[in-house]
Amino acid sequence: MRYRSTRSSLENLSGREAVLQGIAGDGGLFVPDRMDFSGFSWESMMNLSTEGMAERIFEYFLDDFLEIPEIVARSYKGRFDDPEITPLKKVGDLYVLELFHGPTAAFKDVALSALPVLMSEARKQLGKEERILILTATSGDTGKAAMEGFKDVPGTGIIVFYPYGGVSPVQEMQMTTAEGRNVRAVAVRGNFDDTQTGVKKIFSLLTESLKRETGTTLSSANSINIGRLVPQIVYYFKAYASLLSSGEIHPGDLVDYTVPTGNFGDILAGYYAKKLGLPVGKLILAANRNNVLRDFIDTGVYDKNRPFYRTNSPSMDILVSSNLERLLYDISGGDCDKVKGFMEKLGTEGRYEISGEMLARLQDSFAAFDADEEKSLRTIREVYDSCGYLIDTHTAVAFSAAGEYREKTGSMRPNVVLSTASAYKFPDAVREALDLPKMDDPFSVIPMIRDETGTKIPENLKDLDRKPVRFSDVIEIEEMPGYVEKAVESGEFYR
Ligand SMILES: *Cc1c(COP(=O)(O)O)cnc(C)c1O
């Protein structure tokens, strides 16, 4: 498989090269240069372990990597607290795909366990000498998952930027206490979109000069990297295989997937799974009060000119969803001029509108619903009361969407809800949902929820408040490039 930019046909890269480079030179995202994924045999995946499925998917998309079985083993061995990595549970009349069994208790671990291995292997296999500096904007979960993945990986360093006051206390503590000599986290005065734009700006400002002057290559661990997207395709197959093996469906039956969405990476992986032939019915996009994507799927108008809300599902507080660009490329039939035009309009006017034909293609695969904070809390309560199953605020938005989709369409197709985080990552909201007393210290809420529900605290969230804080810098958006230059020059955190 070769990769090209969504915005022009100037570049043509192999999987290894695309993973290392992260983002295309013209600002576009790397996409497979082939629109058609037919020829992939999804049926032959069904009897494999999750690791076996990952090997097949990696071999298909990242076919120039050598030693893929070793790469998969190094990515997942001993890092997840469930042997299936992403187990499927039946909850009421829905199925829940638990994606939070990794080292930071959120779904981003699935991809961010693999990306550092892919990057360091690509570097080694291509004989590259330069150091890689990963710059990442996070709405909360990517940051720690990336720090955990890149921790002490030779030849790499990572700086994570997060919106000051825009992540949950647990998320912040996970990042500021992270271990590893080559990792650093810094708070930025702004929201996630400002932070993400700031990182993109650093790439265009500093990529050339840092390479020339310090032999450092900038790259990204955000879901714009194709090496993030590919591992996420795997669990759509895994969920389907679990339904087959438990006799809930027959081969070929359509299954709907409901995905709590922010940057559109997770749900795009589902779209790729569908393109690979997996019998996916609808991909149901669940948005929180920042419902720009809900409106887009309903109307074909993407308009980010609207208030930005800080909600209780902070990892979905996003108004500019990067990975949507890859879908635009696809539903425009690979028309890079068109995609470039949309992205330019988004930059200048904050708004664009797709054609009726593109909208029809979009709605063929996607439906969308949103839930505000109150609805999300109510859903946590309802699911807990009726099924004894505890979900986090992001998963609650998806439960709500799955219910609304069924109500609206009358469809009773099997529906897999992607559960993207442990309830313990957002304890205060969960406490509120369960009507438990308010506490001053957010970390004393965690054992209270355990005692109330009898559920298990993920190992990695225990004793978080007792770890030493290593990072406490807060900077302005304009200071981001200078911060990176200084960090590279000092060389102290990264050898
Ligand atoms: C990142 C994240 C999401 C959104 O995923 P995208 O790929 O950005 O759409 C949803 N839930 C949680 C808990 C997350 O961390």
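Relevant structure appears above.
Parameters and conventions
Residues numbered from 1 in each chain as written. Predicted model: local features only at pLDDT ≥ 70, side-chain atom pairs only at ≥ 80, totals over all residues. Heavy atoms only, no water. Helix = DSSP H or I, 4+ residues; strand = E, 2+ residues; numbered from the N terminus. Buried < 20%, exposed > 50% of the residue type's maximum accessible area, 1.4 Å probe, protein only. Contact = heavy atoms within 4.5 Å. Areas by Shrake-Rupley, 256 points an atom, 1.4 Å probe, with all protein chains shown as cover. 1 Å grid on protein atoms, 1.4 Å probe; cavity = no way out; pocket = protein on both sides within 12 Å on 5 of 7 lines; lining within 4 Å. Points joined across faces, edges and corners; volume = space filled by probe spheres on them. Nonpolar A, V, L, I, M, F, W, Y, C, P; charged D, E, K, R; others polar. Pairing = 2+ DSSP bridges. Axes fitted to C-alpha atoms, helices over the stretch in contact; angles between N-to-C directions. Expected span 1.5 Å × (residues − 1). Salt bridge = Lys/Arg side-chain N within 4 Å of Asp/Glu carboxyl O. Core = buried A, V, L, I, M, F, W, Y, C linked by side-chain atoms within 4.5 Å. Near = heavy atom within 4 Å. Polar contact = N/O pair within 3.5 Å; in protein donor to acceptor, adjacent residues only side chain to side chain. Sits in = over half its atoms within 2 Å of the grid points. Phe/Tyr/Trp six-rings, centres within 6.5 Å; stacked < 30°, edge-to-face > 60°. Lys NZ or Arg CZ within 6 Å of the ring centre and 35° of its normal.

**Remarks on the overall build of the chain**
Of the regular secondary structure elements, the chain holds 19 helices and 16 strands. If one aligns the C-alpha atoms of the chain with their principal axes, the spans along those axes are about 60 × 55 × 45 Å. With 495 residues in all, the chain has 64% of them scored as buried. In the chain, once contacts between residues fewer than 6 apart in sequence are set aside, the share between residues at least 24 apart is 75%. Accessible area of the chain: about 18,400 Å², with a carbon and sulfur share of 47%.

**With respect to empty space enclosed by the protein**
Within the structure shown, the criterion is met by 6 cavities of 30 Å³ or more. Reported here for the largest cavity is a volume of approximately 270 Å³. Contributing to the lining of the largest cavity are 26 residues, with F107, K108, G262, N263 and S315 lying nearest its centre. Counting residues per element, the ones that place at least two in the lining of the largest cavity are α6 (141-150), β10 (255-260) and α10 (265-275). Ranked by residues supplied to the lining of the largest cavity, first place goes to α10 with 3 residues. When its residues are assigned to classes, the lining of the largest cavity shows 10 nonpolar, 12 polar and 4 charged.

**A few points about the sheet that holds strand β8 (residues 183-189)**
Here we have 5 strands laid out as an open sheet, ordered β9-β6-β7-β8-β16, and parallel in their pairing. Two strands bound the open sheet, and with one partner strand each, they are β9 (216-220) and β16 (474-476). Between one strand and the next, the sheet's axes are offset by a mean angle of 30 degrees, whatever the strand orientation. Note: β8 against β16, 3 bridges, orientation parallel. Following the sheet pairing, A187 is matched in β16 by V474.

**Considerations on helix α16 (residues 393-409)**
Over its 17 residues, α16 extends 24 Å from the first C-alpha to the last, a length consistent with the 24 Å expected when each residue adds 1.5 Å. One or two residues past the end of α16 sits G410, with phi positive at roughly 75 degrees.

**Some points on the pattern of salt bridges**
Applying the stated criterion across every chain, the model contains 31 salt bridges. Among the ionic pairs, K89 bridges to E98, the shortest N-O distance being 2.9 Å. Between E357 and R361 there is a salt bridge; the shortest N-O distance is 3.4 Å. Linking E357 with R361, this pair stays in helix α14 (residues 356-365), spanning 4 residues, or about one helical turn. A relative accessible area of 39% places R361 in the partly exposed class. Connected through salt bridges with shared partners, the residues R294, D295, D298, R306 and D370 form a single ionic network.

**With respect to the nonpolar core**
In terms of nonpolar packing, the biggest core is built from 112 residues, with F61, F237 and Y257 touching the most fellow members. It is helix α9 (residues 226-245) that provides the largest number of residues to this core, a total of 12 residues. Judged by nonpolar contacts, the second largest core, of 43 residues, contains M173, Y424, F443 and I446.

**Some words on the site of the ligand**
In the vicinity of the ligand there are 15 residues, among which K108, D141, G262, N263 and T420 approach most closely. Here an oxygen atom of the ligand sits 2.5 Å away from a polar atom, N or O, in the side chain of K108. Contacts to the ligand include F264, whose backbone N or O atom sits 3.0 Å from an oxygen atom. Protein chains bury 98% of the 380 Å² of accessible surface belonging to the ligand in isolation. Because more than half of its atoms lie within 2 Å of the grid, the ligand is assigned to the largest cavity. By residue class, the composition of the shell around the ligand is 5 nonpolar, 7 polar and 3 charged.

**Considerations on the packing of aromatic side chains**
One pass over the full model with this rule turns up 19 aromatic pairs. Look at F37 and F61: their rings are 5.3 Å apart centre to centre, the planes differ by 85 degrees, and that puts the pair in the edge-to-face class. Residue F37 is located in the loop between β3 (30-32) and α2 (50-61), and its partner F61 is located in helix α2; the two are separated by 24 residues in the primary sequence. You can call F61 buried: its relative accessible area is 0%. A ring pair is formed by Y271 and F366, whose centres lie 5.7 Å apart and whose planes are at 25 degrees; its orientation type is stacked. Here Y271 is found in helix α10, whereas its partner F366 is found in strand β14 (residues 366-370), with 95 residues between them in sequence. Each member of the pair, Y271 together with F366, is buried. Site record: aromatic cluster; members linked through ring pairs are F37, F40, Y60, F61, F237 and Y272. The ring of F37 carries K275 above its face, with NZ or CZ at 4.8 Å from the centroid.

**A word on the sheet that holds strand β2 (residues 13-14)**
Two modes of strand pairing occur in sheets, parallel and antiparallel, and in both the strands are linked by backbone hydrogen bonds. The strand order across the open sheet formed by 3 strands is β2-β1-β3, and the pairing between neighbours is antiparallel. Among the strands making up the open sheet, the edge pair consists of β2 and β3. Across 3 bridges, the pairing between strand β1 (residues 2-5) and β3 is antiparallel. Considered in β3, the bridge of S5 is made with F30. Packed onto the sheet, helix α12 (residues 324-331) meets β1 and β3 and runs at close to 40 degrees relative to β3.

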